[in-house]
Amino acid sequence: MRFADAVGFAMVSLRKRRLRTFLTAAGVTIGIGALVSMISFGKGIQKNVSESFRASDLFNSLMVMPGGPEGPSGDPDEGRPVKATVGPKDAVLDDAAVAAISRLPGVRAAYPDISFPAMVRYDGEEEFRLIQVVPAAVASSKAMAIKWGRPYSSDEETGVIVSRSFLRRMGTRDPAAAVGKTLTVMSVTLDLGQLLSSGLGGLLSGKGLPVATESYDFPVLGVTEMSPFGGGPNPMQSDVLIAPGPAGRIKRLPISSVWDLFRMQKGRLGYSAVTVKLGSIGDLETVGTRVREMGFATFALADQFAEITRGFYFMNMVLAAVGMIAIVVAALGIVNTMVMSILERYREIGVMKAVGASDGDIRRIFFFESGAIGLAGGTAGCLLGWATSLLINKVVNLYLAGQGVPHISYFAFPAWIFLGAVGFSLLVSLVSGIYPARRAARVDPVVALRHD
Amino acid sequence: MSTTVPPLVETRSLSRTYVVGDVRVEALAGVDLAVAAGRFIAVTGASGSGKSTLLNLLGGLDTPSAGTITVGGELVSSMSRDELARYRRSGVGVIFQSFNLIPARTALENVELPLVFAGLERAERRRRASELLTEVGLAHRANHRPPELSGGEQQRVAVARALANGPRLLLADEPTGNLDSRTSREIVGLLAALNREAGLTIIMVSHEEALVSEFAHGMVRLMDGRVVESGGAA
């Protein structure tokens, strides 16, 4: 029997049982559709995260932390792959160390990670925020993604950069209009003069601590775009940024973080963390090693990215497994349809054998039938998965647009998803056809043709 | 017939035993038969005497429990499944009481069927099938499906199909069982003409004494799986 004839026979019989063929293929369509949208969702998220990581310049930075006896073990985020120091254990991360690090070849900038809490007033609203001190060189880099306005041009320029999400919390819808408006930073200081003059008596008399509030006004220079992943991989954890110069003039408790407090109690001064910007990711290894030799611990997001990639791999596996459930159901549908088809065509199979069809001929006809169901279902499934994904993407973006999140594609469709889905569908249908095809080939013509 | 020419069909101690549950049914119990080329032989016997079993074995649809079958010098009884398929395709043609046409296919397509499995090209198949339909007098019904044809017409299509690959042997299992007497006579007459003009060897199971005595050269009577009477076969 010719190949084309076997295909033709399969087609004739599928067309004859149109409804059942359609329903069985619809099962495959739904299964493949689910698989395609699941995988494209996984790939889409992965692509978005990878791209925003890459765009944020984060791979080019290195976090340096003191490598003291406790090291950074107090860090609650234990999953962070912090590389411990290999140098002296008592190195202090002070200005001298920062200067030494910034002189290392490949380092573009090194600046201490300083942030302090303060009350912030904007447009009549007040909120307690962590204000981060960022040098102008970093503020003007592409890591910042300032969409409205501009960064401060020097470390001495008075002005702040805020994020769009900060503005939203403050009730401002239009980020462009915020540029040039005034943001007030109110720091709380202990009034040492009053504390000394009133003595302990004053404290005990119920007046509380003599606290003074100082206000500083800053113009909003720039607004950064809100990250679509709720802050996600933004290098700046705080959403109010200020240059080192004006920051130094704000009076505040000399405690920038719990870490500093801890460190100071031990009589050691130094920064809790220093951010190092590199010229290129290629310098990460050498600079990291040199810094560790100086007695500090390092953390690089690029190191963590391998772990993130593993996480995505796992996520994609889970998504694919969910899609696979639908495929298994569809495969059982194919087996069911084909076995039914054998019972219905028992006599026809007998006739074909009586006039000379070999076992292989019969097997091939049935095999092609289930293969055709898989091919049709797989192709339609790709379309279904694609259409569904577009629809979901539209709805989600419509909803998130109301929250100020920029439009992004949550699904990615590399060509291999479609080719792979059709191929996989064909494979599944052929595997599903093995048992029915063998069973059809074993039909005994004498029994099939017995007078009834 | 010269005795030096070996018979076209020859069986030796041919047996076929079915096991149904715990019961063994001996459908054929040692049949020795020899049919010379060009003969038209009738097989008769009561229901359950083994006629259909004999035809199924000769047609390569079933395999014997014991004994041998030789057709045209080939040992059919020891063929593999694939060899049997090839034998059914080209060595033998069969027609049945219930015609066994495929209802969804036209008369022409039904006749084409054996040619499809023989691997012939479509155009060649069409041409050959049309010729065969003309030969059995059904050229004008070529594009009708079996349900649109009368019983006699359906059996003609079946005959044309049985002849598609040019076998030397035609087996007919009660071909007139579902036909009225006039049509029965036409069909058996058609077989006799094929036998006479094309030298086709025919073995036909039939109950119809009148037709058998009018057209057949010889007769084999079976009872309980054994040949109890035979004449004119060799």
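Our subject in this report is the structure included herewith. Quick caveat, the model's predicted, so the values are computed rather than measured.

What counts, and at which threshold
- Residues numbered from 1 in each chain as written.
- Chains lettered and ligands numbered in written order.
- Predicted model: local features only at pLDDT ≥ 70, side-chain atom pairs only at ≥ 80, totals over all residues.
- Axes fitted to C-alpha atoms, helices over the stretch in contact; angles between N-to-C directions.
- Helix = DSSP H or I, 4+ residues; strand = E, 2+ residues; numbered from the N terminus.
- Parallel < 35°, antiparallel > 145°, perpendicular 65-115°, else oblique.
- Left-handed = near helix turned anticlockwise from the far one by under 90°.
- Contact = placed C-beta atoms within 7 Å.
- Nonpolar A, V, L, I, M, F, W, Y, C, P; charged D, E, K, R; others polar.
- Pairing = 2+ DSSP bridges.

It is worth spelling out the packing of helix H11 (residues 301–344) of chain A against helix H14 (residues 415–441) of chain A at this point. Residue and element names in this part refer to chain A. Between H11 and H14, the shortest axis-to-axis distance is 9 Å and the interhelical angle comes to 25°. Classified by the angle their axes make, H11 and H14 are roughly parallel. Where H11 crosses over H14, the two elements pack in a sense that is right-handed. Note on element contacts: H14 touches H11 through Val428, Ser429, Ser432, Gly433, Tyr435, Pro436, Arg439 and Ala440, opposite Ile327, Ala331, Ile334, Val335, Met338, Val339 and Ile342. A class-by-class count of the residues in the contact of H11 with H14 yields 11 nonpolar, three polar and one charged.

With that settled, the discussion passes to the interface of chain B and chain A. Much of the literature gives interface size as the accessible area that the parts lose upon coming together. Every contact between the two is made by 23 residues of chain B and, on the other side, 18 residues of chain A. Taken together, the elements giving at least two residues each to the side of chain B that touches chain A come down to helix H2 (81–90), strand E6 (92–96) and helix H3 (107–117) of chain B. Per-element accounting of the side of chain B that touches chain A gives the leading share, five residues, to H2 of chain B. Residues of the side of chain B that touches chain A, tallied by class, amount to 11 nonpolar, six polar and six charged.

Here we take up the sheet that holds strand E2 (residues 23–35) of chain B. Residue and element names in this part refer to chain B. Strand order in the open sheet formed by four strands is E2-E1-E4-E5, with antiparallel pairing between adjacent strands. Of all the strands in the sheet, the pair left with one neighbour each is E2 and strand E5 (74–75). Looking at chain direction, strand E1 (residues 9–20) and E2 are connected through 10 bridges and run antiparallel. Following the sheet pairing, Val20 is matched in E2 by Val23.

Below, the discussion takes up the sheet that holds strand E11 (residues 296–300) of chain A. Residue and element names in this part refer to chain A. Reading across the sheet, the four strands line up as E2-E10-E1-E11 and stay open at both edges, with antiparallel pairing between neighbours. Edge positions in the sheet fall to strand E2 (107–112) and E11, since each of these pairs with one other strand and no more. Across this sheet, the average inter-strand angle for adjacent strands is 25°, counted without regard to direction. Here four bridges tie strand E1 (residues 61–66) to strand E10 (residues 274–278), and the two strands are oriented antiparallel to one another. Paired with Leu62 across the two strands is Val276, which belongs to E10. Sitting on the sheet, helix H3 (residues 95–102) is in contact with E1, E2 and E10, with an inclination near 165° to E2.

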